[in-house]
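# Architecture and fold: a report
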Amino acid sequence: MVQFHEHIIADLLEEPTAGGGLVVISSGLALHKLIAGFLHLHDTSEGTLLILSASPSQKHSILTSLNPNPNNEITNSPSEITSDLPSHHRLSLYSSGNAFFITSRILIVDLLTRRLPTSAVAGIILLNAHSLSETCTEAFIVRILRSSNKNLYVRAFSDKPHAMVSGFAKAERTLKCLFLRKLHLWPRFQVYVSEELERDPPEVVDIRVPMSAYMVGIQKAVIEVMDACLKEMRKTNKVDVEDLTVENGLFKSFDEIVRRQLDPIWHTLGKKTKQLVSDLKTLRKLLDYLVRYDAVTYLKYLDSLRASESFRSVWIFAESSYKIFEYAKRRVYHFSRSKGEDLTTSTMNVKSKKRKLDDSSNDKEDSPVMNGNSSVVLEEVLEEAPKWKVLREILEEIEAEREKQATSNDECVVEINQDNNGMVLVACKDEHSCVQLEECITSNPNKVMRGEWEKYLVSKVQLQALPKRNKKKPQNPKGFGVLDGAVPLTPTKGVESSSIATQEQDALLAAATEISKRVQKVIEVVDDPQNNVVHKGRGKGNSRGKKKQPSKNVPIKKDDKSKLETSSVKESEPSIPVLKKHVEGADVEKPDNVKKIPSVHFYAYESGQQVLDILKPSAIVVYHPDIAFVREIEIYKAENPLKKVKVYFLFYEDSTEVQKFEASIRRENGAFESLIRQKSMMMLPVDQVAHGIGQNSTMETESPSKQNMVTRKAGGQKEAVKEMQVIVDMREFMSSLPNVLHQKGMHIIPVTLEVGDYILSPMICVERKSIQDLFGSFASGRLYHQVEMMVRYYQIPVLLIEFSQDKSFSFQSTSEITDDVTPHNIISKLSLLVLHFPRLRIVWSRSLHATAEIFASLKTNQDEPDEAKATRVGVPSEEGVVEDDVRAENYNTCAVEFLRRLPGVTDANYRTIMDGCSSLADLALLPMERLAELMGGQKSAKILRDFLDAKYPTLL
């Protein structure tokens, strides 16, 4: 443990009467080790320690810090309490005094059902405090525990300082909802932190890799388009102009900033403004993927954007957007005439001519024969990422330095063996980059690019083979077309600029078709048992001969590759027509000149694992710079001051990658400066721990009308306040509504309900739907079944549609509402639902607090619900009948629904008919007089009798 962690622990422990505190530290400063330090200090005699809101990666990191060696079991290591454990087992764990990971949903249910003795809990550790709010379940838990356990301590932690300054007074509101008064700030520039991390820093090598010309052009074009979209957004006058900058647009939090400002007025915005919000997110991804992925993957992503967003996106029609697609394509391939003239730069007056490939020439020769001078040539570029070559050079340099040190003297060898395991760690953002870099290191970058290129071409063929709707059949004669290896260039009388795109697409499809044929023939050859030995090991662009097998680190030219193949494979795989190969940045080395590289381990940030303490690398290559991982390296070096660590940073020069990294540091420092100012001006009550717990909150919020209701009775004497009860389904504790209901003074009874979400009285059942859940329930048909069950068992079924407080209180704008009933319109679906269930009541709620007020008004003059009856509703016994249940359960519901649909049977008389006859067969045999008596009139009885006695048509 580093020393500033000990200072943090000492600050929290020096005032035990303060009830804990909120700790905000910089990202990457080993929060999991700090939590492990608190767990080491926990004593079972104090009581049980509960750890809330921990993500799976955080749990794994904490357990790894407590027990670095998984073979050794530690007795005080925290275990996890899950819903799979029975209630009596959970009770015994709560009383054991150990530390446990637990979810907030399980803990709040156990607290409300009194399975957890509050006196047995010594304290709570809350992670990810930046995600808490006044209505969250964690605040609900703290309020209940503090109301009965004054000695409870709460220690909340967050390593996302920029999230603690989002919104109005986020840190102060978090302290109030957790009943805390102490805010501890530990930025990277704090004295204790900076002194310790800078005492013996690792050796750092900053390498700036120049981007290719096309990458620079794409980046410039994306920034121009993003700036144009931001200017359009400023014209709406709906968003704070200070937040609309390109630098802010590089971060994911920019989407949250914009949506937080636009959500309350979202229904008043036009389609263009809504699309601009989505386009800014897309453009940020384009900048990120440019420096993260290879050229072919980037082009594939652009193709998917063009197909999915071409008709509704605003950014595609910007002035510079064409450069993005054009430069991305030129990084992979480009077209030219057979004379070497670039097709895209040809004059506008050049007339195109028809060309068909000679298939017979492909069988005779490896290189295709051009028919005429107007052949369109697909020329591969396959530009490699500039960082690939630099990474290889870094690994070779590391290995060369180690060999030089090993041969210098024997003492160095002993030191290296003891302190250096020879491991090199390469850190990337995602798993895809790790896998691709591993292939580049173990095989050949050229081979990796060719594999991606072939996948891209095969996907083109597969997409072309999909059935097209409303598309006329081609007029070309049979046997002529792209699939036959021909690229038709239809002559026209005028300018042929519009046909260039068609020519390029046809040439690309021709190459793709040839690739797919080659792959299919390779599969057939591999499946053939006679040739199985000859072609063993081929696949995915990897060709190995029977005698010659080059080293896996040596790039292979296409000519050498074809020589290594057997003659049978050579005959079965003709080369691609009109195809030239030109790979930029590929260094072809001879097997004798291949340099050794050390053992490399690839690590992805998204995995969330702490690999530095496990692998203990001596060299670290930060392929994708990340501020949190940089801090982890500093912590790792501070904990191992005697270990020599060398760090290589790979940046694209003058790229948004550098700008984003530097902006993340400025943003974090600015967040801490803002928190320091807020801390000096916070208005927290002195009795914050006991504030708002002792008194019933309903007394404080009682309306004047209710206070004046009893002024005329006995001189204004108030009636005894009766505690309101609400039965809540267990699954509803994922939302914040039970917390708000408890704040209003209602007694929450958590049970498992088969029908409804909230039972307010023996007559009122409520099914709660958020907006997102409402759309999903309509799409799946689940809502129809839920309403049907409520109508069957309760007299007043209620569908509660709850909106979010910070969003617009409407489904859609008034301009989008139509008079027609359409199956995809949410208003039409609601109308049909109400028509089908006339007794259903729909309640619209503006927010969680509005829902609590609505529930209180609905419970006025109503009896309290019965927990035993509510749990039995909808749960039949072994005989299929529920005892002491509502009347509908004792009948055959299918027969009742059939009866209600008969002519003459209405909602007013169907119950009388059910009392007068025991089955549908008895109903058919009743005389006319008895039917008229049961149905309340001769007219209804005659309609039903005519229907029952009507003859049905036959085929005889």
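Thresholds, definitions, all that
- Residues numbered from 1 in each chain as written.
- Predicted model: local features only at pLDDT ≥ 70, side-chain atom pairs only at ≥ 80, totals over all residues.
- Heavy atoms only, no water.
- Helix = DSSP H or I, 4+ residues; strand = E, 2+ residues; numbered from the N terminus.
- Contact = heavy atoms within 4.5 Å.
- Areas by Shrake-Rupley, 256 points an atom, 1.4 Å probe, with all protein chains shown as cover.
- Expected span 1.5 Å × (residues − 1).
- Buried < 20%, exposed > 50% of the residue type's maximum accessible area, 1.4 Å probe, protein only.
- Polar contact = N/O pair within 3.5 Å; in protein donor to acceptor, adjacent residues only side chain to side chain.
- Phe/Tyr/Trp six-rings, centres within 6.5 Å; stacked < 30°, edge-to-face > 60°.
- Lys NZ or Arg CZ within 6 Å of the ring centre and 35° of its normal.
- Core = buried A, V, L, I, M, F, W, Y, C linked by side-chain atoms within 4.5 Å.
- pLDDT = per-residue confidence, 0-100.
- Salt bridge = Lys/Arg side-chain N within 4 Å of Asp/Glu carboxyl O.
- Axes fitted to C-alpha atoms, helices over the stretch in contact; angles between N-to-C directions.
- Left-handed = near helix turned anticlockwise from the far one by under 90°.
- Nonpolar A, V, L, I, M, F, W, Y, C, P; charged D, E, K, R; others polar.
- Disulfide = S-S within 2.5 Å.
- Pairing = 2+ DSSP bridges.
- Right-handed = clockwise from strand over helix to strand, strands pointing away.

Along its length, the protein carries 37 helices and 21 strands. Summarising the internal contacts of the protein: among those between residues at least 6 apart in sequence, 75% fall at separations of at least 24. When the accessible surface of the protein is split by element, carbon and sulfur atoms take 52% of a total near 49900 Å².

Attention now moves to helix α12 (residues 295–309). Helical geometry note: an α-helix holds 3.6 residues per turn, so side chains three or four residues apart project in the same direction. Taking 1.5 Å of rise per residue, the 15 residues of α12 would be expected to cover 21 Å, and the 21 Å separating its terminal C-alpha atoms lies within 8% of that figure. Taken as a whole, α12 has its buried residues at A295, V296, T297, Y298, L299, L302, L305 and E309. Structurally, the start of α12 carries an N-cap: the backbone nitrogen of V296 is 3.1 Å from a side-chain oxygen of D294.

Time to look at the packing of aromatic side chains. All told, the structure shown has 18 aromatic pairs when counted by the stated rule. Pairing Y603 with Y605 gives two aromatic rings, centres 6.0 Å apart and planes at 75°, and the pair type is edge-to-face. Exposure class is identical for Y603 and Y605. Each is buried. Feature note: the residues Y289, Y293 and Y301 constitute an aromatic cluster, connected by ring pairs. R208 extends its terminal NZ or CZ atom over the ring of F651, reaching a point 4.9 Å from the ring centre.

Right, let's get into the environment of S27. Assignment of secondary structure puts S27 in the loop between β1 (20–25) and α2 (31–41). Overall, S27 belongs to the buried group, its relative accessible area being 11%. Here the alpha-carbon distance between S27 and H162, two residues 135 residues apart in the chain, equals 9.9 Å. If we skip the residues at most four places from it in the chain, S27 touches D159, I627, A628, R631 and E668.

Further remarks concern unusual backbone geometry. The phi angle at F179 is positive, at roughly 60°, despite the residue not being glycine. For F179, the position within the fold is in the loop between α7 (170–177) and β7 (183–186). When its relative accessible area of 8% is taken as the criterion, F179 is described as buried. If you check the backbone angles, K616 has positive phi at about 50° while not being a glycine. Structurally, K616 can be placed in the loop between α22 (612–615) and β14 (619–622).

Nonpolar side chains tend toward joint burial in soluble globular proteins. Residues Y298, W315, I324, Y333 and W453 are the most contacted members of the largest nonpolar core, which totals 79 residues. Apart from residues lying up to four places away in sequence, Y333 is in contact with L299, L378, E379, E380, V381, W453, Y456 and L508. Listed in part, the 65 residues of the second largest apolar core include C136, L175, L675 and V798.

Moving on: the confidence of the model for the protein. As a note on interpretation, predicted positions should not be read in detail where pLDDT is low. Averaged over all residues, the pLDDT of the protein equals 76, while 72% of them reach at least 70. Every residue in residues 690–705 is under pLDDT 50, and counting partners more than four places away or in other chains gives 16 contacts.

Bringing the pattern of salt bridges into the picture now. The final tally for this structure, using the stated rule, is 37 salt bridges. The partner of E134 in a salt bridge is R173, and the shortest N-O contact between them spans 3.4 Å. Of this pair, E134 sits in the loop between β5 (121–126) and α6 (137–148) while R173 sits in helix α7, placing them 39 residues apart in sequence. E134 sits in the partly exposed class, given a relative accessible area of 33%. R173 sits in the partly exposed class, given a relative accessible area of 28%. Across the salt bridge formed by K637 and D200, the nearest N and O atoms sit 3.0 Å from each other. Placement of K637 in helix α23 (residues 627–639) and of D200 in the loop between α8 (191–197) and β8 (203–209) is noted, with a sequence separation of 437 residues between them. For K637, a relative accessible area of 4% corresponds to the buried category.

Okay, the packing of α12 against helix α13 (residues 321–330) next. As a packed pair, α12 and α13 sit with axes 9 Å apart at the nearest point and diverge in direction by 145°. For the crossing formed where α12 meets α13, the hand is left-handed. Note on element contacts: α13 touches α12 through I324, F325, A328 and K329, opposite Y298, L299, L302 and R306. Residues belonging to the contact of α12 with α13 are distributed by class as follows: 6 nonpolar, no polar and 2 charged.

This next bit is on the state of the cysteines. Here the structure, examined in full by the defined rule, presents 0 disulfides. Residue C136 stays outside any disulfide, its sulfur separated by 5.3 Å from that of C177, the closest cysteine. Of the residues examined, C177 reaches a relative accessible area of 8% and is grouped as buried.

Read from one edge of the open sheet, 6 strands run β17-β16-β18-β19-β20-β21, paired in mixed fashion. Since the sheet does not close on itself, it has two edges, and those belong to β17 (747–751) and β21 (841–845), each with one partner. As defined by bridge partners, strand β18 (residues 758–759) adjoins strand β19 (residues 764–770) across 2 bridges and the pair is classed as antiparallel. Counterpart to I759 in the pairing with β19 is C765.

Here we take up the sheet that holds β7. Within a sheet, adjacent strands bond to each other through the backbone by hydrogen bonds, running parallel or antiparallel. A sheet is described by the order of its strands in space; here 7 strands give the open sequence β3-β4-β2-β5-β6-β1-β7, paired in parallel fashion. The sheet is open, and its two borders are formed by β3 (79–81) and β7, each paired with just one other strand. Across the sheet, the mean angle from the axis of one strand to that of its neighbour is 25°, orientation sign disregarded. As judged from the 3 bridges shared by β3 and strand β4 (residues 99–102), these two strands associate in the parallel manner. When the sheet's bridge partners are listed, E80 is paired in β4 with F101. Contacts from helix α4 (residues 87–94) reach β2 (48–52), β3 and β4, with the element oriented near 135° to β3.

Let us now look at the pairing of strand β6 (residues 153–158). Among the 6 residues that make up β6, 6 are buried, leaving the element largely enclosed by the rest of the structure. Side chains of β6 alternate between two faces, with Y153, R155 and F157 and V154, A156 and S158 buried alike. Across 5 bridges, β1 lies against β6 in parallel orientation. Bridge pairing in β6 links G21 to R155. With 4 bridges joining them, β5 and β6 adopt parallel strand pairing. Residue pairing in the sheet places I125 in a bridge with R155 of β6. Each parallel crossover has a hand, and for β5 linked through α6 to β6 it is right-handed.

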